[in-house]
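# Structure assessment
In case you want the letters, here they are:
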Amino acid sequence: MTKRIIIDTDPGVDDALTFLLALASPEIQLEALTTVCGNIGIDKTTRNALAVLELAHASHIPVARGCSLPLVSSPGKSGEVVHGTSGVGKAVLPEPKSQPVEQHAIDYLIERILAEPQEITLFTIGPMTNLALAIRKEPRITQALKELVIMGGAIKQGGNVTPLAEFNIHADPHAAHIVFHSGIPITLIPLDATYKCLLTVADVERLNRIDSPIARFVRDATATYMDFYKKYEGFDGCALHDPLTLAAIIAPEIFTYEEHHIDVDISGGVSNGNTFADFMKISKKPANMKVALDVRGRDFIELFIERMETLSRSIQDST
Ligand code: BDR
Ligand code: CA
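To keep things clear, this report deals only with the structure shown in the data block. Throughout this document, residue positions are counted from 1 along each chain, in the order its sequence is written. Chain A is the first chain written and ligand 1 is the first ligand written, with later ones labelled in order. At least 70 in pLDDT is required for a residue's local features to be given in this predicted model, at least 80 for side-chain atom pairs to be given and counted, and no such filter applies to totals for whole chains, interfaces and linings, which use all residues. The side-chain numbers reported here are obtained from all heavy atoms of the structure, hydrogens and water having been left aside.

Counting from the N terminus, the helices are DSSP H or I runs at least four residues long and the strands are E runs at least two residues long. Between the first and last residue of a helix there are one fewer steps than residues, each counted as 1.5 Å, and that sum is the expected span. Between its terminal C-alpha atoms helix α2 (residues 42-55) stretches 20 Å, which fits the 20 Å expected from 14 residues at 1.5 Å a residue. Per-residue accessibility, obtained with a 1.4 Å probe over protein chains only, is compared with the maximum for each type, and a residue is labelled buried under 20%, exposed over 50%, and partly exposed between these values. Most of α2 is tucked away: 10 of the 14 residues are buried. Within α2, burial applies to Ile42, Thr45, Thr46, Asn48, Ala49, Leu50, Ala51, Val52, Leu53 and Leu55. Next to the buried residues of α2 lie α1 (13-23), β2 (28-35), β3 (63-64) and α11 (213-233). Throughout, a residue-residue contact means that at least one pair of heavy atoms, one from each residue, lies within 4.5 Å.

Here's what the structure looks like:
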């Protein structure tokens, strides 16, 4: 059965690729995007969300603009070095014609989730500021949401923004703390899994045998991202962090999941934003989420490329 999803996002190169993968996946009905500051500021993340939907002929999908600052912390490190100053690498997207809906993302999420209890699966692929505030404003959404899939955290793996913390959690650790302890059924896709999903230059070249604005967008958007990975991580390619979350629906068999009690450090010290699992059950607290600690990464990349090829064939240049 098709799953209806909303994506809360800070596009962001890999965020943008997540929307394209959702649109290319028959198992998914993308209902809306809600935007948040994260990789870059809220004006640009909202613009990019609208522009990428337009590129994919999907501007009927509503976009609600959300929070421009984290809950408590000062804005963290900008993601511009990874995602480029525009947020979509070297891709140049025309100014979108569509506008965000009038409602703030927090109210939009509350309304959509409460209107159809147990129908909507939410994906958060940026800092969780919008969801945390929605929970505080209307706690009933924790019962009404079908499921939450989070890209965030690093459990056995080191961090990617500090030695101990992953970007999305570190950008708003207090929001993550509220969400982790909300009682919502959570699937966590941390760096432990996403760093195994590496898109290579050869993959992008294969896709670009099809002449399409989608294939070119994937090539141009990932160019800056790949430069970053080469310089700082020493490999030719880039990790598809955010798109991998959708595999929780479209290819669940590729993951190795464990259930654990997972918490986040909000003490403000050197490990601020660190996510940690109680592997030895020392706290005696019940598991609060399912976490993907391993994945068949290459299987996911093949699936991603195949779906981008199909989408690319369906969206050609207008003459
Ligand atoms: C996460 O951080 C962002 O830069 C990416 O878009 C992804 O959501 C990976 O740590
Ligand atoms: Ca993101």
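Moving on from the model shown.
Further remarks concern the pairing of strand β6 (residues 186-189). The two faces of a sheet get side chains in turn, since along a regular strand they alternate between them. Side chains Ile186 and Leu188 of β6 all project onto a buried face; the interleaved residues Thr187 and Ile189 project onto the opposite face, where all are buried too. With 4 bridges joining them, strand β5 (residues 147-151) and β6 adopt parallel strand pairing. Across the sheet, residue leucine 148 finds its bridge partner in β6, namely isoleucine 186. The pairing criterion for strands is at least two bridges between them, as found by DSSP. Two strands pair when backbone bridges link them, and β6 and strand β12 (residues 289-295) are joined in this way by 2 bridges, in the parallel orientation. What sits directly across from leucine 188, in β12, is valine 291.

Each metal's donors comprise the N, O and S atoms found within 2.8 Å of it (within 3.2 Å for Na, K or Ca). Water is not part of the atom list, so some coordination spheres may appear incomplete. Here the calcium ion (ligand 2) is held by Asp10 (OD), Asp15 (OD), Asp15 (OD), Ile125 (O) and Asp242 (OD), and the distances to it run 2.2 to 2.6 Å. Ordering the donors of the calcium ion (ligand 2) by residue number gives the pattern D-x4-D-x109-I-x116-D. Of the two residues, aspartate 10 is situated in the loop between β1 (3-9) and α1 and aspartate 242 in helix α12 (residues 241-245); the sequence distance between them amounts to 232 residues.

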